[in-house]
Amino acid sequence: MNLQLFCFPVTERAVAVDNAKAPLIDIEDQDSFLPNGYKAIVREDTNEVISIVKDTYKIVKNSDLIDQLLRQLATCGQSFKIDPSHSFVSNERMRLQITFPELRLRDRESDIALSAFIHNSYDQSEGVRFYFGAIRAICSNGMVFGKILSKYYSRHTSGFSFENLGEKLAEAREYFPEIQERINRLEILRVDEQLIENVSTKISKRLAEQAIAEEEIGRISQWQLLNRLTNHISHQMEPRMQAKYQDNVSKVFAL
């Protein structure tokens with residue numbers, strides 16, 4: 001992946017209120033600056049205004065985040081790859097997937113490599129987020145282990161750190177037997193009406209209808225249904241929408 005796409009320059013600029021028309025206006029002339037407690041986050045190479053935020057908002061630049069992450073990955077003792085399958089970047093937000101091919105679980109058909117997902121935004125839609133999931137080798141389905149593995153979250157007003165990433169990976173490995181047991185259990189359990197109702201209300205009614213036919217209820221395993229859902233999310237949804245649905249799948253299937 002070309003990580004330079006994630007590392008475009010951003011800067012802060014002062015804003016003022018035009019009392020005649022009342023919009024927020026980006027200005028650089030400090031003599032005419034009217035303090036109002038806000039500032040603009042601007043993409044510097046294109047001069048695009050990304051968002052208007054409060055003065056207390058602290059930028060965490062994608063470039064700084066990725067640099068710190070790569071430094072930690074280089075010393076964590078595990079092989080890794082930057083995985084494009086569930087990564088994306090826009091002016092407002094980014095998501096970067098790191099896959100650890102040697103840290104693997106397995107179902108009856110495929111290896112399932114541990115992944116880490118890193119989020120950031122410049123529009124206050126979310127702070128820095130770091131959480132674990134996995135990528136299924138046979139079909140590149142992405143999934144999130146939000147119920148079992150601990151998450152890291154940092155709001156932009158309090159800073160961030162990825163120190164001791166090696167310890168986080170070691171901690172995640174300690175939960176592998178529990179995750180593997182859950183996968184094995186889902187391969188045995190049959191889909192019932194209650195599960196379909198949970199998928200419809202907590203994930204998506206349309207997705208539930210697309211993933212399973214009525215005559216299959218009671219016949220296919222919960223793991224089969226989970227993989228149909230994650231396949232659709234991974235290959236049919238826009239990348240910016242995937243995290244939300246993956247997290248909901250994690251909650252419904254207790255992963």
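Residues numbered from 1 in each chain as written. Predicted model: local features only at pLDDT ≥ 70, side-chain atom pairs only at ≥ 80, totals over all residues. Heavy atoms only, no water.

**Student:** So, the side chain of arginine 43: which residues are in play, and what are the values?
**Tutor:** One can find arginine 43 in strand S3 (residues 38-43). Note on arginine 43: relative accessible area 18%, which makes it buried. If sequence neighbours within four positions are ignored, arginine 43 has contacts with Phe8, Pro9, Val10, Glu48, Ile50 and Asn91. (Helix = DSSP H or I, 4+ residues; strand = E, 2+ residues; numbered from the N terminus. Buried < 20%, exposed > 50% of the residue type's maximum accessible area, 1.4 Å probe, protein only. Contact = heavy atoms within 4.5 Å.)

**Student:** Residue-level account of the pairing of strand S8 (residues 128-136), with values.
**Tutor:** The buried fraction of S8 amounts to eight of the nine residues, a majority that puts the element mostly inside the structure. Relative to S8, strand S7 (residues 111-121) is paired through eight bridges, and the arrangement is antiparallel. Within S8, the residue paired with isoleucine 112 across the bridge is arginine 136. Once S7 ends, the chain turns through six residues before running back antiparallel as S8, passing glutamine 124 with a positive phi of about 70°. Here S8 pairs with strand S9 (residues 141-144) via four bridges, running antiparallel. Each bridged residue has a counterpart across the sheet, and for glycine 133 the counterpart in S9 is valine 144. Between S8 and the antiparallel strand that follows it, S9, lie four residues; serine 140 among them carries a positive phi value of about 60°. (Pairing = 2+ DSSP bridges.)

**Student:** Report on the pattern of salt bridges, specifying residues and quantitative values.
**Tutor:** Tallied over the entire structure, the rule returns 13 salt bridges. The salt bridge involving arginine 43 is made with aspartate 45; its shortest N-O contact spans 2.8 Å. For arginine 106, the salt bridge is made with aspartate 111, and the minimal N-O distance between the two is 2.8 Å. On the accessibility criterion, aspartate 111 (27% relative accessible area) is partly exposed. (Salt bridge = Lys/Arg side-chain N within 4 Å of Asp/Glu carboxyl O.)

**Student:** I'd like a rundown of the environment of glutamate 12, residues and numbers included.
**Tutor:** Mapping glutamate 12 onto the fold places it in strand S1 (residues 10-17). Here glutamate 12 falls in the partly exposed class, since its relative accessible area comes to 39%. Glutamate 12 has contacts with Lys39, Ala40, Ile41, Tyr57 and Ile59, leaving out every residue within four places of it along the chain. There is a polar contact of 3.1 Å between the side chain of glutamate 12 and the side chain of lysine 39. (Polar contact = N/O pair within 3.5 Å; in protein donor to acceptor, adjacent residues only side chain to side chain.)

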